[in-house]
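Here are the chains, one letter per residue:
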Amino acid sequence: MNIDLKNKKTLLIIAAVVIVGILLIVLLAGGGLDLPSGDLPGNDTQGGLPVITEAPTSAPDVPGTSPATDAPSNTPTEAPTEAPTEAGTQPAGFDLAAIPPFSDVPFAVVNDNVPFFTEADMVPKSFETYGDLDSLGRCTTCFACVGKDLMPTDERGDISKVYPTGWVQNYYSFVEQEALYNRSHLIGHQLTGENDNKKNLITGTRYMNADGMIPFENMVADYVLETNGHVLYRVTPIFEGNNLVAAGVLMEAKSVEDNGEAVEYCVFCYNVQPGVKIDYKTGKNEADGTGGYIDKPVTFVLNFNSGKYHTPGCSDIASISEKNVRYWYGTEEELLLAGYVPHTKCNK
Ligand SMILES: [Zn+2]
């Protein structure tokens, strides 16, 4: 197709006039908005256009404002130099005396299941801190904002050289894998990749580690892996007096980007082992004569591997591998809180 040269020229001239007009408008508007006249340093201009300094897109961390409204996708990856809350102390408001005695359910809900975090803690930035050992060599608080960038990419390393306080190991036939004590990670390896960090390992019973802590830890890992978001996560061992073995651990978690919509809990996991009497002062232990048998009706049967729970008569239970079977003596609400899901087709 032929294009008339004269028409093309006219069009070019009109276009040039329009562009110059737009530039003038931008220049005037920009100057009026941002830069008072007479206060224009020469190097703040480029080709006659003022450089408009942009307002910060995200406000600095201000306590009392809801971080949930900040853009969650804009998440810096570098850790801050300090944790928002001082490590090494148990949260004000937690009282061990208010925890009911262990009664065959591995955890108790604390503070209506609301963690003791402050609003200022709820920042979607990964960090991890491990409190210093106290004067007795005991672990203190471990605190993290778990993001994918902290998660390990390699296999767990050797932790057998660490001897946490109260480590008096014994073996019982009725304990899963027989060893009473596990070197229990306060913040699990799957979350922040810590191996033999002695500030992160306590003497914990098999029961506390496997039945108590791991389901809650898995909820944190699942959220981070599924959403690429962050979970504020704090685990504090609770020692009575000068005892070398913790009575239990306080676990607090809250998903950051959705302000706790997906993950929010505050629980105390008992450092007990059914069938074993533990001297918490020293870590010494002996069988209590019950053989780990709990004289109570089983309310549900768990498949620890799939995370599903069944009514005790369900015929599917027979197909669960023995090492993954757990018996539950508590309520369904507690199971749901611990992250288990119902087997929807339980059949008797
Ligand atoms: Zn079932």
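Fair warning: this is a prediction, and the values are worked out from it, not measured in the lab.

Things to note about the sheet that holds strand β16 (residues 341-342)
The strand order across the open sheet formed by four strands is β15-β13-β14-β16, and the pairing between neighbours is mixed. Two strands in the sheet have a free side with no partner beyond their single neighbour: β15 (325-328) and β16. Where strand β14 (residues 308-310) and β16 come together, two bridges link them in parallel fashion. Residue K308 lies in a different strand from β16, and its bridge partner there is V341.

Regarding the environment of G188
Tracing the sequence through the fold places G188 in the loop between β6 (181-185) and α2 (189-192). In the structure, G188 is positioned 12 residues away from N200 in sequence and 8.6 Å away in space, judged by C-alpha atoms.

Things to note about the environment of D158
By the secondary structure assignment, D158 is in the loop between β5 (142-146) and β6. Separated by 38 residues in the primary sequence, D158 and D196 place their C-alpha atoms 6.8 Å from one another.

Looking at the sheet that holds strand β4 (residues 127-130)
Two strands in a sheet stick together by hydrogen bonds in their backbones, pointing the same way (parallel) or opposite ways (antiparallel). Across the sheet, which stays open at both edges, the six strands sit in the order β3-β10-β9-β8-β5-β4 with antiparallel pairing between neighbours. Each end of this open sheet is capped by a strand with a single partner; those strands are β3 (107-109) and β4. In this sheet, neighbouring strand axes are inclined to one another by 20 degrees on average, regardless of whether the strands run parallel or antiparallel. Across seven bridges, the pairing between strand β9 (residues 248-255) and strand β10 (residues 264-270) is antiparallel.

So, the pairing of strand β7 (residues 201-205)
Most of β7 sits out of view: five of its five residues are buried. The two faces of β7 match: L201, T203 and T205 on one face and I202 and G204 on the other face are all buried. Here β6 pairs with β7 via five bridges, running antiparallel. Directly across from H185, in β7, lies its bridge partner L201.

Examining the pairing of β9
With eight of its eight residues buried, β9 lies for the most part within the structure. By the alternation rule, side chains of β9 split into G248, L250, E252 and K254 and V249, M251, A253 and S255, which are all buried. As paired strands, strand β8 (residues 231-238) and β9 are joined by eight bridges and run antiparallel to one another. Note that in β9 the partner of Y233 across the bridge is A253.

Rules and cut-offs
- Residues numbered from 1 in each chain as written.
- Predicted model: local features only at pLDDT ≥ 70, side-chain atom pairs only at ≥ 80, totals over all residues.
- Pairing = 2+ DSSP bridges.
- Helix = DSSP H or I, 4+ residues; strand = E, 2+ residues; numbered from the N terminus.
- Axes fitted to C-alpha atoms, helices over the stretch in contact; angles between N-to-C directions.
- Buried ≥ 20, exposed ≤ 12 C-beta atoms within 10 Å, placed from the backbone.

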